[in-house]
Amino acid sequence: MDNSSNFDEVSDPGYQPSPSSLDRNDQSAVETPGYSTMSGDSFMFGRTYSETSAFSDPIDDNSYSSEPSPSHLSVTKSGAQHQAILGRLEMKRQKQVADDKLDDQESARLELEMMKERFSKLLLGEDMSGSGKGVCTAVTISNSVTNLYATVFGQSLRLEPLKPEKKLMWKREMDCLLSICDYIVEFIPKSQILRDGTALEVMESRPRSDIYINLPALRKLDAMLMEVLDSFQDAEFWYAEQGSMSSNSTRSGSFRRVITQRKEEKWWVPVPCVPSNGLSEESRKHLRHKRDCAYQIHKASMAINSSILAEMEIPDTYIASLPKSGRASLGDTIYRNMYTADKFSPGNLLDCLNLASEHEALELADRVEASMYTWRRKACLSHSKSSWNMVKDLMSDNDRTDKNHILAERAETLLFCLKQRYPELSQTSLDTCKIQYNQDVGQAILESYSRVLEGLAFNIVAWIEDVLCEDKLVRSQEQ
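Conventions used here
Residues numbered from 1 in each chain as written. Predicted model: local features only at pLDDT ≥ 70, side-chain atom pairs only at ≥ 80, totals over all residues. Heavy atoms only, no water. Helix = DSSP H or I, 4+ residues; strand = E, 2+ residues; numbered from the N terminus. Buried < 20%, exposed > 50% of the residue type's maximum accessible area, 1.4 Å probe, protein only. Contact = heavy atoms within 4.5 Å. Areas by Shrake-Rupley, 256 points an atom, 1.4 Å probe, with all protein chains shown as cover. Expected span 1.5 Å × (residues − 1). Salt bridge = Lys/Arg side-chain N within 4 Å of Asp/Glu carboxyl O. Pairing = 2+ DSSP bridges. Patch = residues over 30% accessible without salt bridge, like charges linked within 9 Å, V, L, I, M, F, W, Y side chains within 5 Å. Core = buried A, V, L, I, M, F, W, Y, C linked by side-chain atoms within 4.5 Å. Phe/Tyr/Trp six-rings, centres within 6.5 Å; stacked < 30°, edge-to-face > 60°. Lys NZ or Arg CZ within 6 Å of the ring centre and 35° of its normal. Lys, Arg positive; Asp, Glu negative; His and termini not counted. Charge placed at Lys NZ, Arg CZ, Asp CG, Glu CD. Axes fitted to C-alpha atoms, helices over the stretch in contact; angles between N-to-C directions. Parallel < 35°, antiparallel > 145°, perpendicular 65-115°, else oblique. Left-handed = near helix turned anticlockwise from the far one by under 90°. Nonpolar A, V, L, I, M, F, W, Y, C, P; charged D, E, K, R; others polar.

Colleague: An account of the overall build of the chain is needed here, citing residue identities and associated values.
Modeller: Secondary structure summary: the chain contains 18 helices and four strands in total. For the chain, the residues scored as buried account for 30% of the 479 residues in total. Summarising the internal contacts of the chain: among those between residues at least 6 apart in sequence, 73% fall at separations of at least 24. On the chain, roughly 31,600 Å² of surface is accessible, and the fraction owed to carbon and sulfur atoms is 53%.

Following this line, the structure appears as structure tokens:
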């Protein structure tokens, strides 16, 4: 009865026994049970499960029950789910890495196949039959550089940066083609002193002199042209196709209504457009500066190209095709002006001819060049003496009064003035013949590289001029 009354007192909600009211023998009845008395709701606000805590008292292993608590089951299940998620993420990451490796391997494989094809064409001389009827290696490399330029820049008709994939293709394939120059060397003497003081002269190799001088310059000009194009990333002007007058394509700007003769002939070239109030002063300064830079690059490239072409041997086929008379080739009017004038002025002669088109200028250049070599050949044939007498006569002043020599010099001056007046002039028949029959690989690389850079620089200057012309027209209409 006493025990039951004590139990009732403990069960009474209003009764809170003190520790002293409990008997030592009854303490076993209120020991912590095996299951936690925390409810599910109270567990949600508890500390995150951990095996040990720095703030809790040491727990006796005997106080755990043989059965796991519900809280431990919940935490274990959550940890397993977390591990599964991490596992799936790791598998996904490994799959992505594997896919990237496969893509890289596929890209490398395609690039390798392309390089195999290019070098096979070089070795076969562009003759896929393999019968040995292909062109020589020098011509094949020259064609490769020209075709690469057409592939990369053929569709570039706007003053804007080159697309990244095009720029990468240009750099990668040009580096491959130019790497041939690393093995075109010449031997030069070099003094070497041994430890015992003995002086020796040994031969060391270095790039051939023309490559050693011109190739680094061409690489620098190439990089400068890329910088010029990249500087127009965020430009105030834009482009629209001719005939497209929609407001979406013009950005509420205005088209150029007066188009130059060059644009009328090339109707497919997009028209530059500027804001209705024209370009800002800063943008105009930037355009003029880049135009001057591109013009200097054009002049440098043209000078290198001309020097390389001048060093090439004149093919026998061209010598055989020369006219017998330079006067018949040029015509009586030009011949009399060149021969009878005391002081020959090529500029005045070109003004009198009044050339109307680039085609007429190129035709005149071919005739002048052919006459020049005809007179040079006659001047050499007139000295049909011994070699020593020929050298003395060529070095004497009497040769300066020779008719053929005077005409050849004046023809060369007229040709130079003609090319300066028409910088966009195409290659003459002699230049084309030299490139076609050239067998020097180094000269082929330098000539083709300088030629394509010359063309790109000229196009950039023309594009900038188009934008400045449009800006000038818009500002004049406002006034």
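Colleague: Could you give an account of helix α16 (residues 403-421), with specific residues and numbers?
Modeller: Taking 1.5 Å as the rise per residue, α16 with 19 residues should run 27 Å; its terminal C-alpha atoms sit 27 Å apart, in good agreement. Every buried residue of α16 is accounted for by Asn404, His405, Leu407, Ala408, Arg410, Ala411, Leu414, Leu415, Cys417 and Leu418. Among the structural elements, α12 (332-340), α13 (346-353) and α14 (358-381) are those in contact with the buried residues of α16.

Colleague: Describe the pattern of salt bridges, and please don't skip the residues or the numbers.
Modeller: Throughout the structure, instances matching the rule amount to 18 salt bridges. Between Asp292 and Arg291 there is a salt bridge; the shortest N-O distance is 3.7 Å. A relative accessible area of 21% means that Arg291 is categorised as partly exposed. Here Lys419 ties to Asp431 by a salt bridge, and the two come within 4.0 Å at their closest N and O atoms. With Lys419 in helix α16 and Asp431 in helix α17 (residues 429-437), this pair connects stretches of sequence that are 12 residues apart.

Colleague: Would you mind going over the pairing of strand β2 (residues 199-207) in detail, with residue names and values included?
Modeller: When strand β1 (residues 185-193) meets β2, the two strands line up antiparallel, connected through nine bridges. Residue pairing for β2: Glu186 is matched across the bridge by Arg206. Connecting β1 to the antiparallel partner β2 that follows it, the hairpin turn spans five residues, and Gly197 within it adopts a positive phi of roughly 90°.

Colleague: Account for a nonpolar patch on the surface, with residues named and values stated.
Modeller: A cluster of nonpolar side chains, Ile85, Leu86 and Leu89, forms an exposed patch at the surface whose accessible area comes to about 260 Å². On the secondary structure map, Leu86 appears in helix α3 (residues 70-124).

Colleague: Break down the nonpolar core for me, with residues and values.
Modeller: Residues Phe153, Leu159, Trp170, Phe237, Leu287, Tyr449 and Ile460 are the most contacted members of the largest nonpolar core, which totals 50 residues. Those elements giving two or more residues to this core turn out to be α4 (137-153), α5 (164-178), α6 (209-230), α9 (281-311) and α18 (441-478). Ranked by the residues each element gives to this core, the list is headed by α18, at 14 residues. Among all residues touching Leu287, those that are not within four sequence positions of it are Leu159, Phe232, Phe237, Leu279, Ile464, Val467 and Leu468. The next biggest cluster of nonpolar side chains, apart from the first, holds 29 residues, and it includes Leu350, Ala365, Tyr373 and Cys417.

Colleague: Quick rundown of α17? Include the residues and the values.
Modeller: Along α17, the residues classified as buried are Leu430, Asp431, Cys433, Lys434 and Ile435. Looking at the packing, one finds that the buried side of α17 touches α4, α9, α10 (316-320), α14, α16 and α18.

Colleague: Tell me about the packing of aromatic side chains, residues and numbers included.
Modeller: Under the defined criterion, the tally for this structure stands at seven aromatic pairs. Look at Tyr318 and Tyr373: their rings are 6.3 Å apart centre to centre, the planes differ by 90°, and that puts the pair in the edge-to-face class. Taken together, the residues span a long stretch of sequence, with Tyr318 in helix α10 and Tyr373 in helix α14 at a distance of 55 residues. A relative accessible area of 15% means that Tyr373 is categorised as buried. Chaining the aromatic ring pairs together yields one cluster made of Tyr149, Phe153 and Trp170. We note Arg376 situated over the ring of Tyr373; from NZ or CZ to the ring centre the distance is 5.4 Å. Cation over ring: Lys403 sits above Tyr339, and NZ or CZ is 5.4 Å from the ring centre.

Colleague: Now, about a negative patch on the surface: what can you tell me, with residues and values included?
Modeller: Residues Asp99, Asp100, Asp103 and Asp104 make up a contiguous surface patch of negative charge. Inspection of the secondary structure assignment puts Asp104 in helix α3. Taking the relative accessible area as the measure of exposure, Asp104 reaches 53% and is therefore exposed.

Colleague: Tell me about the environment of Leu309, and name the residues and values.
Modeller: Residue position: Leu309 is located in helix α9. Among the residues examined, Leu309 registers a relative accessible area of 7% and is labelled buried. The sequence separation of Leu309 and Lys434 amounts to 125 residues, and the corresponding C-alpha distance is 7.4 Å. Once residues within four sequence positions are removed from consideration, Leu309 is found in contact with Asp431, Lys434, Ile435 and Glu447.

Colleague: Lay out the side chain of Lys434 with the relevant residues and their values.
Modeller: Note that Lys434 resides in helix α17. Not counting residues within four places of it along the chain, the set of residues in contact with Lys434 comprises Leu309, Ala310, Met312, Glu313, Ile314, Pro315 and Tyr373.

Colleague: Which residues make up unusual backbone geometry, and what values do they have?
Modeller: The phi dihedral of Asn354 falls on the positive side, at around 55°, and the residue is not glycine. Mapped onto the fold, Asn354 is located in the loop between α13 and α14.

Colleague: Any details on the side chain of His298? Residues and values, ideally.
Modeller: Relative to the helices and strands, His298 resides in helix α9. The exposure class assigned to His298 is buried, which follows from its relative accessible area of 4%. Those residues in contact with His298, other than ones at most four positions away along the chain, are Pro423, Glu454, Ala457 and Phe458.

Colleague: How would you explain the packing of α9 against α18 if you had to name every residue and give the values?
Modeller: Between α9 and α18, whose axes approach to 8 Å, the crossing angle comes to 155°. When the axes of α9 and α18 are compared, the pair comes out roughly antiparallel. Where α9 crosses over α18, the handedness of that crossing is left-handed. For the contact of α9 with α18, the residue count by class is 17 nonpolar, five polar and 11 charged.

Colleague: Any chance you could break down the packing of α13 against α16 for me, citing the residues and the numbers?
Modeller: Two quantities define a packed helix pair, namely the angle between the axes and the distance from one axis to the other. Two numbers describe how α13 lies on α16: the axes approach to 9 Å, and their chain directions differ by 65°. The handedness of the crossing between α13 and α16 is right-handed. Counted together, Pro346, Gly347, Leu349, Leu350 and Asp351 of α13 and Thr413, Leu414, Cys417, Leu418 and Arg421 of α16 form the full contact between these two elements.

By themselves, these observations are geometric and do not establish any function.
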